[in-house]
Amino acid sequence: MIFLGFTDRAWMWLAAICYLAGLVLGTVALLRDRRQSRLAMYAIVALGFVFQTLGLYLRGRASHSCPIGNTFEIFQFTAWSAISLFLVVGATFRLSLLGYFTSCLSAVLTLVSLATVSWDAPHRAGLFGGNAWIEFHAALALFSYGVFALLALTSSMYLLQTYSLKSKHLHGLFSFLPSILELDLISVRLLVVGVVLMTWSLGVGSVHWLEDLASVDLAKLLITSAVWLAYAVVLFLRLRSRLVSQRLAWTCLVLFAAALLSLGPINASRHPMKPAAPHSMAPI
Amino acid sequence: MSAPGPILFLLGATHHTAPLELREKLALAGDKLEALRRELRALPDLREFTVLNTCNRVEIYGVAAQPEVVARLQSAFCALHQMDPALFERIRLLLRDGQAVQHLLEVAAGVDSQMVGEAEILGQVKDAYVAAQAQGTTGPVLNRMFQKTFQAAKHVRTHTAIGEGQISVASVAVDLALKIFGQLERCRVLVLGAGEIGGKTARAFKSRGVGQISVSSRRFEQAEELAREFGARAIPFDQMGEALPEVDIAVCSTAAPEAVVTHGMAAAAMRRRAIRPLFFIDLAMPRNIDPGVATLSNVFLYNLDDLARIADENLALRQAETLRVRALLTEKADALWRQVAPRINGDFPES
């Protein structure tokens, strides 16, 4: 589908370029040991978000469903979720460098998914059988992955700040990192939001699954439940002060890597592909 | 100073030109500052003046109808301080016109300070200007010059690294605490040892808004004395271990020859704290905190050498930045001089 002369993928390329620009801008500022402009970073990321939203919207219009039908779309949607959350969290908590880290992650997710053409295999239109609840379940689940992506970023920043303070290397990138307690606070909030969203998503999905037990592949069921359970256990342990500081940060990082890797098997376990929809979503 | 006609000048002495013992003689302590102002007001043809008096400099910025006025001013200044004019000429700083403008900009931006990049000097320049303005000794030249100087100094501090990083041990410790806790209002500080350095660090924390301070010392009366200064609580030294889990920052500066905070004590404290980090600042020599404490998760330990090294690194960064700042200020000084020069001759453009 085309809007203003650009295909959906072209809009997504524009978004990826914006995220890449954020990455370059932040890196240059750090290399020059200068504090980066929070406003400039926010504006670049917001512009990328607008382009990506347009691209995903065009996709959704073409497939008559939420654009999460193949690995490419899943990566794009996850990056979009992380960015949308950053736009809220970044404005509220004003954590320095969070914009830089978010644009790094989003640049990687969007560029890799755009460059890997095979991930954008055509999928059938109306993938979710026209059932809005299943679509809502899937979108919510992926949005929670976006939250966990941001959690992985704040966890990385926590580990970097801890390393900086322990090793007494305080200049360069380290001098701009937020404080340990601020990072811990925002991580816990993200963990709560992610678990709540994922629980909600699984709740919605389970209603559909109970009506038709054969509708969900066992592998998908097990992997999704395992990811949810793992994050729920981490949240429980953190709230009981049993999993804190660096161990919590490492756990969140490893869990997100595992959750990201689990997207492949989950996507592969979907129903066999039917002939492609008549609308074109060919890569540019 | 031989060219006839009105001039803008700066006359004074700074830590760059005069040793400490002479600066002490020139200091305008007590009534001397007011006495100097009276002398200056009485000088005919001195149209405007402002006196900047800090521990490292005495500077008089002025606008004179003739260059000779400066010589008369110098005589009055030396007479007030009972200093041999020949000696003063050897240590004086005398600049005119654009150079005086450039100097004021560098002073206000902290480039000319002994502790490069310190922010206090800007406040002192402002105070000097406000006092002069209140006494009616400034006019169109100095008003424009000082107001533009404040803008330039602010710009430089915002857009360069001249003021970044703390350069005193106590301030570095406070900065590190901010990197750990973000805000200090809800932090609790325990000062172990009621000596000078402990008191200084506690004062630095208090000035940055720390909510609660406790003091513990082997000599309880000393702890009580320091505690009174901060409205703090004195803790008997043998109960220090029990207080440790309750505090966020522990500043140690006792004269004990061995560690007063052991690895075991810190580990026990951390088990009872759960989430919040614990920041140890060891300012004692020999050290008061077992270095092994640093291996504990969520515990941060800095000793005197660490803090001094960070302060030195910050100072080196500021000094490296001075070249860039001077270049920036030269541009601004040239622009400002072009604005101010017509006013010296009595020409007052609208802008």
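Bear in mind that the values here come from a model prediction, so they are computed numbers and not experimental data.

Here is what the cut-offs are and how they apply
- Residues numbered from 1 in each chain as written.
- Chains lettered and ligands numbered in written order.
- Predicted model: local features only at pLDDT ≥ 70, side-chain atom pairs only at ≥ 80, totals over all residues.
- Helix = DSSP H or I, 4+ residues; strand = E, 2+ residues; numbered from the N terminus.
- Buried ≥ 20, exposed ≤ 12 C-beta atoms within 10 Å, placed from the backbone.
- Contact = placed C-beta atoms within 7 Å.
- Rg over C-alpha atoms; globule rule 2.2 N^0.38 Å.
- Pairing = 2+ DSSP bridges.
- Axes fitted to C-alpha atoms, helices over the stretch in contact; angles between N-to-C directions.
- Core = buried A, V, L, I, M, F, W, Y, C linked by C-beta atoms within 7 Å.
- Expected span 1.5 Å × (residues − 1).
- Bend = angle between axes of the 7 residues up to and from the residue.
- Parallel < 35°, antiparallel > 145°, perpendicular 65-115°, else oblique.
- Left-handed = near helix turned anticlockwise from the far one by under 90°.
- Nonpolar A, V, L, I, M, F, W, Y, C, P; charged D, E, K, R; others polar.
- Right-handed = clockwise from strand over helix to strand, strands pointing away.
- pLDDT = per-residue confidence, 0-100.

K.L.:
How should the overall build of chain A be read in this particular structure?
P.N.:
Along chain A, the regular secondary structure elements total eight helices and two strands. Secondary structure elements of chain A occur, N-terminal to C-terminal, as β-β-α-α-α-α-α-α-α-α. For chain A, with 284 residues in total, the buried portion stands at 45%. Across chain A, the fraction of contacts at a sequence separation of at least 24, relative to all contacts at a separation of at least 6, is 80%.

K.L.:
Just to check I follow, could you spell out the overall build of chain B for this structure?
P.N.:
Helix and strand content of chain B: 13 helices and ten strands. Here the C-alpha radius of gyration of chain B, 26 Å, is well above what a compact globule of 351 residues would show, namely 20 Å. Along the longest, intermediate and shortest principal axes, the C-alpha atoms of chain B span 80 × 40 × 30 Å. The buried share among the 351 residues of chain B stands at 44%.

K.L.:
What should I look at first to understand the sheet that holds strand S3 (residues 57-64) of chain B in this one?
P.N.:
Strand pairs in the sheet, formed through backbone hydrogen bonds, run parallel or antiparallel to each other. Residue and element names in this part refer to chain B. Read from one edge of the open sheet, four strands run S2-S3-S1-S4, paired in antiparallel fashion. Both edges of this open sheet fall to strand S2 (46-54) and strand S4 (93-96), since each of them pairs with a single strand only. Adjacent strand axes in the sheet meet at a mean angle of 15°, parallel and antiparallel pairs treated alike. When strand S1 (residues 7-14) meets S4, the two strands line up antiparallel, connected through four bridges. When the sheet's bridge partners are listed, Leu11 is paired in S4 with Leu94. Across the sheet, helix H3 (residues 68-81) is in contact with S1, S2 and S3; its angle to S1 comes to roughly 25°. Across the face of the sheet, helix H5 (residues 98-109) comes into contact with S1, S3 and S4 while running at roughly 120° to S4.

K.L.:
Teacher, can you tell me more about the sheet that holds strand S9 (residues 278-282) of chain B here?
P.N.:
Residue and element names in this part refer to chain B. Across the sheet, which stays open at both edges, the six strands sit in the order S7-S6-S5-S8-S9-S10 with parallel pairing between neighbours. Each having just a single partner strand, strand S7 (233-236) and strand S10 (299-303) make up the two edges of the open sheet. Averaged over all pairs of adjacent strands, the angle between strand axes in this sheet comes to 20°, irrespective of strand direction. By the bridge criterion, four bridges tie strand S8 (residues 249-252) to S9 in an arrangement that is parallel.

K.L.:
Explanation requested: the interface of chain A and chain B in the structure shown.
P.N.:
Think of interface size as the accessible area that goes away when the parts come together; that is how it is often given. Tallying the contact residues gives 14 residues for chain A and 15 residues for chain B. Contributing elements (two or more residues each) for the side of chain A that touches chain B: helix H5 (132-167), helix H6 (180-211) and helix H8 (245-268) of chain A. Top element by residues in the side of chain A that touches chain B is H6 of chain A. It accounts for three residues.

K.L.:
Can you walk me through the environment of Arg38 of chain A in this structure?
P.N.:
Residues and elements named next belong to chain A. In this fold, Arg38 is placed in helix H2 (residues 38-63). A tally of 17 C-beta atoms within 10 Å means that Arg38 is categorised as partly exposed. Taking the C-alpha atoms as reference points, Arg38 and Gly99, separated by 61 residues in sequence, lie 7.7 Å from one another.

K.L.:
Honestly, the nonpolar core in this entry has me stumped. Any pointers?
P.N.:
Soluble globular proteins tend to pack their nonpolar side chains together in the buried interior. Core analysis: the biggest nonpolar cluster contains 131 residues, and Ala173, Val189, Cys252 and Phe280 of chain B have the highest contact counts within it. Among the elements that make up this core, the one with the highest residue count is H5 of chain A (17 residues). Sequence-distant contacts of Ala173 of chain B, that is, excluding residues within four places in its chain, are made with Thr201, Ala204, Ile281, Tyr302 and Leu307 of chain B. Ranked by size, the runner-up nonpolar core spans 47 residues in total, among them Phe9, Ala132, Met145 and Ala333 of chain B.

K.L.:
I keep staring at helix H13 (residues 304-344) of chain B and nothing clicks. Help me out?
P.N.:
Along an α-helix, a turn takes 3.6 residues, which lines up residues three or four apart on a common side. Between its first and last C-alpha, H13 of chain B extends only 53 Å over 41 residues, short of the 60 Å set by a 1.5 Å rise per residue. At Thr322 of chain B, H13 of chain B is bent by approximately 35°, the largest bend along its length.

K.L.:
What's the story with unusual backbone geometry in this structure? I'm lost.
P.N.:
Phi is mostly negative for residues that are not glycine, and the peptide bonds are mostly trans. The omega torsion of the bond from Met285 of chain B to Pro286 of chain B falls at 0°, within 30 degrees of zero and hence cis. Tracing the backbone shows Pro286 of chain B in the loop between S9 and S10. We note that Ser241 of chain A has phi near 60°; this positive angle belongs to a residue other than glycine. With respect to the helices and strands, Ser241 of chain A occurs in the loop between helix H7 (218-239) and H8. With 10 C-beta atoms packed within 10 Å, Ser241 of chain A lands in the exposed category. At Asp45 of chain B, a position not held by glycine, the phi torsion is positive, near 70°. Tracing the backbone shows Asp45 of chain B in the loop between helix H2 (32-42) and S2. Look at Asp45 of chain B and you get exposed, because 12 C-beta atoms sit within 10 Å.

K.L.:
So what exactly am I meant to see when it comes to the packing of helix H4 (residues 98-115) of chain A against H5 of chain A here?
P.N.:
Packed helix pairs are specified by the crossing angle of their axes together with the interaxial distance, meaning the distance between the axes. Residue and element names in this part refer to chain A. Their axes nearest at 10 Å, the elements H4 and H5 cross at an angle of 125°. As judged from the angle between their axes, H4 and H5 are oblique. Crossing geometry of H4 relative to H5 is assigned as right-handed. Listed contacts from H5 to Leu98, Phe101, Thr102 and Leu105 of H4 are Ala149, Leu150, Leu153, Ser156 and Met157. Across the contact of H4 with H5, the residue classes break down as seven nonpolar, two polar and no charged.

K.L.:
What should I look at first to understand the pairing of strand S6 (residues 212-217) of chain B in this one?
P.N.:
It is a general feature of regular strands that their side chains alternate between the two faces of the sheet. Residue and element names in this part refer to chain B. Burial runs high along S6: five of the six residues are buried. Note that strand S5 (residues 188-192) and S6 share five bridges and pair parallel. Along S6, the bridge assignment pairs Leu192 with Ser216. Read from S5 through helix H9 (residues 196-207) to S6, the crossover connection turns out right-handed. Where S6 and S7 come together, four bridges link them in parallel fashion.

K.L.:
Honestly, H9 of chain B in this entry has me stumped. Any pointers?
P.N.:
Residues and elements named next belong to chain B. Helix length check: H9, at twelve residues, gives a terminal C-alpha distance of 16 Å against a target of 16 Å (1.5 Å per residue), a fit within 8%. Among the residues of H9, Gly198, Gly199, Thr201, Ala202, Ala204 and Phe205 are the ones counted as buried. Next to the buried residues of H9 lie helix H8 (169-181), S5, S6, helix H10 (220-230), S8 and S9. Gly209 sits one or two residues past H9 and shows a positive phi near 95°.

K.L.:
What's the story with the confidence of the model for chain B in this structure? I'm lost.
P.N.:
Interpretation of this model should avoid reading the predicted coordinates in detail wherever pLDDT is low. Summary statistics for chain B give a mean pLDDT of 90 and a share of 98% for residues scoring 70 or more. For this predicted complex, the interface score ipTM comes out at 0.74, while the overall pTM is 0.73.

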